[in-house]
Amino acid sequence: MLRTPLREALLRPLRDGALAGFVALVLCLPIVGLPTSETANGLILRPRIPEAIAFAVAVFLGRFALGVAEAGRPRPVALIALLVAIAAPFIRFAPEFSAALAIGGLFVALRASLLAFPTLAGRITGGVKIPPVAIKRAPLVILALLVVLPLTPVIDRRLLDIAILVLTYVMLGWGLNITVGLAGLLDLGYVAFFAIGAYAYALLSISAGLSFWGALPIAGLCAAVAGLVVGGPILRLRGDYFAIVTLGFGEITRLIAINWSSLTSGSQGIAQIPRISFFGVADFTATPDAGRHAFHELFGISFDPSHRQIFIFYVILALALAVNAFIARSRKLPLGRAWEALREDEIAAQSLGLNLQRIRLSAYAIAASWGGLAGAFFAVRQGFISPESFSFLESAVILAIVVLGGVGSQLGVVLAAIVMIGVPELVRQLAEYRMLAFGVAMVAIMVWRPSGLISRREPSIRLGAAP
Amino acid sequence: MSKLLSVEHLTMQFGGLKAVNDVSFTASASAITAIIGPNGAGKTTVFNCLTGFYHPTHGRIILQREAGGTVELQHLRKHQVAARAKVARTFQNIRLFAGMTVLENLIVAQHNRLQRASLFSIAGLFGLPAYKNAEKDAVERARFWLDRVGLTASADVPAGSLPYGQQRKLEIVRALCTEPVLLCLDEPAAGLNGSETAELARFLRELRDEHGLAILLIEHDMGMVMGISDHIVVLDYGRKIADAAPAVIKEDPAVIRAYLGEPEAA
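Residues numbered from 1 in each chain as written. Chains lettered and ligands numbered in written order. Predicted model: local features only at pLDDT ≥ 70, side-chain atom pairs only at ≥ 80, totals over all residues. Heavy atoms only, no water.

Draft legend 1. Focus on the overall build of chain A. Along chain A, the regular secondary structure elements total 19 helices and five strands. Seen through its C-alpha atoms, chain A measures out along the principal axes to roughly 85 × 70 × 45 Å. Burial analysis of chain A (467 residues in total) assigns 46% to the buried set. Excluding contacts between residues fewer than 6 apart, the proportion of contacts in chain A whose partners are at least 24 apart in sequence is 74%. Total accessible area on chain A stands at roughly 23,700 Å², and carbon and sulfur atoms take up 70% of it. (Helix = DSSP H or I, 4+ residues; strand = E, 2+ residues; numbered from the N terminus. Buried < 20%, exposed > 50% of the residue type's maximum accessible area, 1.4 Å probe, protein only. Contact = heavy atoms within 4.5 Å. Areas by Shrake-Rupley, 256 points an atom, 1.4 Å probe, with all protein chains shown as cover.)

Listed below in structure tokens is the structure:
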């Protein structure tokens with residue numbers, strides 16, 4: 001690395017640091033320095049000017065240190081930053097300040113040591129190449145692990161719950177991948193179909209007395225019909241306009257769920273949705289109703305409340321695998337190739353005789369129906385649904401899973417769902433830093449894997465393999 | 001030569017501008033018809049009217065069907081022109097499915113036939129043999145054309161990664177995979193070097209002579225146009241100023257003034 005003279009090595013970082021410190025001061029004064037707190041006499045200001053200044057100084061020092069490291073002196077910077085990070089918890093000033101100092105110090109230390117040992121940096125950042133064999137084998141390994149997961153002793157109720165949640169998002173991510181990944185349509189309102197499926201199941205099971213297995217296909221069908229009805233007009237729109245309208249559709253669906261109280265009982269939600277049964281043959285209870293069988297009696301085992309949960313796990317696993325099988329199959333069909341062709345170039349595709357409207361509508365409606373099935377599953381698992389569960393944030397999370405995983409990549413969606421849903425659930429005690437970690441992960445993806453975790457596209461047909 | 005396409009009084013108006021003004025011409029089966037003229041003369045607009053991208057303000061475009069009878073193109077939508085009338089086209093700026101492989105590009109071109117064979121995906125989802133056979137045929141057709149233009153070795157690479165000249169070729173064979181009766185090529189030699197242009201000319205002649213295909217060609221490379229065309233239509237400011245065999249066009253004073261220019265004094 002080029003070593004600039006000391007004077008120069010300090011001057012520029014000093015200037016950059018001052019600028020960053022000033023910006024931090026402007027931001028920190030109102031945010032950190034002037035918090036309000038509620039008292040008996042109403043809202044009052046409790047100025048914390050020293051804290052705000054301390055934050056600005058910390059930002060100045062951090063930027064300055066980074067600058068010095070970049071100017072060719074990373075080793076001392078790394079050492080000092082590490083010491084600061086270690087010492088931070090012992091500073092008795094403000095707890096947030098200590099936390100910020102620790103995180104900032106670690107960050108500077110990491111950056112400086114990456115600069116100090118460039119080969120290491122290369123190995124960590126640029127050198128991460130997932131070998132194709134791993135991608136090919138990974139699905140089988142993951143699947144095998146998942147199938148035996150509920151039967152292993154390490155799994156407890158909480159872990160199984162998290163696994164079910166992750167799988168629900170995997171299924172949603174795969175469903176949305178049909179629209180976003182294959183057909184290239186940015187759908188920001190996918191949660192609407194999730195909601196329609198959930199409400200369809202809840203209402204059918206309560207008012208019509210349908211079992212989960214009877215209502216499941218109807219819920220999927222309802223969502224598909226909604227997709228057809230909505231998709232018909234809005235698929236005429238292009239790109240950004242389409243995205244905005246789907247965003248509106250998602251919100252409208254939620255508002256209808258809130259306001260159509262006679263049907264959906266409004267924001268109170270629908271409770272006491274009938275539980276899942278063992279294919280309609282037996283119930284998961286210790287004491288079955290008259291004329292019904294209990295699952296444990298059927299198999300001659302002792303009652304365990306976790307049976308239902310394990311069954312639910314296998315149901316969502318099967319549903320998710322069904323989506324996956326469907327996508328894998330349809331990619332090799334004219335329809336799937338037409339989706340991709342329209343994504344690549346709609347003008348050329350139409351000149352070859354592809355009916356844009358019909359093909360896009362099929363992608364949208366099929367993705368919708370998978371979303372509806374996931375919704376029905378969600379309703380039967382929770383036993384309770386309310387409009388709150390179907391906010392825009394859900395659409396955003398599902399979309400983030402698809403984008404993070406690599407648009408169009410099935411395995412990428414699984415990894416992204418684990419990172420985005422599973423990990424935060426596992427480390428609940430760090431809940432405060434969830435958003436921070438999420439931001440860091442997003443930045444890391446943008447820098448190192450701008451086209452998603454897995455961005456390889458497998459051809460749907462090969463001349464070599466063709467007979 | 002029998003008449004395949006007749007364009008009658010075609011007019012395309014954009015606001016106050018008549019991009020194509022009362023143009024009539026015919027194209028014969030098994031022949032290469034070139035449309036030439038200066039930039040902005042309305043050549044591509046004629047193509048866009050033919051292929052359903054524009055709906056002409058006035059005029060008729062009548063295509064003879066193989067099975068007898070005629071079909072009028074001016075009312076058809078983009079995908080219907082390819083699907084029903086069997087008119088295929090390429091674009092001035094190459095439009096491939098860049099992320100998909102060369103072979104996939106050619107399979108997509110056979111979408112409608114395959115879609116029927118897969119019973120609109122239902123038979124395909126369950127892997128019924130009828131669909132498998134149709135797909136095998138489609139791959140064979142693709143392989144046939146790839147062999148013809150020497151792209152077989154690149155069949156499984158993304159189309160976007162091909163060199164420019166090969167992308168041009170791929171776009172033409174992709175159009176051919178729709179099994180058209182009329183192939184419309186919009187400046188197929190643009191950006192090609194001398195030997196690539198010569199190879200293209202040879203290929204187009206082959207299509208006409210061996211496959212009996214009718215070709216409509218927009219091109220600025222006069223060497224190629226004069227060499228392979230059976231018939232040339234000249235447009236200038238949206239109007240047709242000449243319509244004859246190449247030898248006649250070369251000598252036409254109006255064409256020389258508008259487009260070809262005076263031969264340089266030797």
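There's more to say after this.
Draft legend 2. Fine view of the sheet that holds strand β5 (residues 293-294) of chain A. Residue and element names in this part refer to chain A. Strand order in this open sheet of three strands is β3-β4-β5, and the pairing throughout is mixed. What marks the edges here is a single partner per strand, and that holds for β3 (277-278) and β5. As defined by bridge partners, β3 adjoins strand β4 (residues 282-283) across two bridges and the pair is classed as antiparallel. Bridge assignment links Ser277 to a residue of β4, and that residue is Asp283. (Pairing = 2+ DSSP bridges.)

Draft legend 3. Spatial organisation of the nonpolar core. Of all hydrophobic cores here, the largest spans 155 residues; its most connected members are Trp339 and Ile385 of chain A together with Leu183 and Leu204 of chain B. Top element by residues in this core is helix α16 (residues 356-382) of chain A. It accounts for 16 residues. What Leu204 of chain B contacts, discounting residues up to four positions off in sequence, is Ile32, Leu185, Ile215, Leu217, Met224 and Ile228 of chain B. Residues Leu10, Leu76, Val181 and Val233 of chain B belong to the second largest nonpolar core, which totals 31 residues. (Core = buried A, V, L, I, M, F, W, Y, C linked by side-chain atoms within 4.5 Å.)

Draft legend 4. Region of the structure containing the domain arrangement of chain A. Parsing chain A into structural domains produces domain 1 (6-124) and domain 2 (132-448). Using C-alpha coordinates to define each centre, domain 1 of chain A is positioned 41 Å away from domain 2 of chain A. (Domains from an automatic or database assignment.)

Draft legend 5. Broad picture of the domain arrangement of chain B. All names here are of chain B. Looking at chain B, the domain boundaries give domain 1 (1-86 + 180-266) and domain 2 (97-179). Distance between the C-alpha centres of domain 1 and domain 2: 27 Å. With 21 residues of domain 1 at the contact, the number on the domain 2 side is 15 residues. Here domain 1 and domain 2 share an interface that buries about 1,300 Å² over both sides, 65% of which is from carbon and sulfur atoms. Summed over the shared surface of domain 1 and domain 2, the result is three salt bridges. With its nearest N and O atoms 3.3 Å apart, the salt bridge here joins Glu210 to Arg148. Summed over the shared surface of domain 1 and domain 2, the number is six residue pairs in polar contact (both at pLDDT 80 or more). (Buried area = accessible area lost by both parts, 1.4 Å probe. Salt bridge = Lys/Arg side-chain N within 4 Å of Asp/Glu carboxyl O. Polar contact = N/O pair within 3.5 Å; in protein donor to acceptor, adjacent residues only side chain to side chain.)

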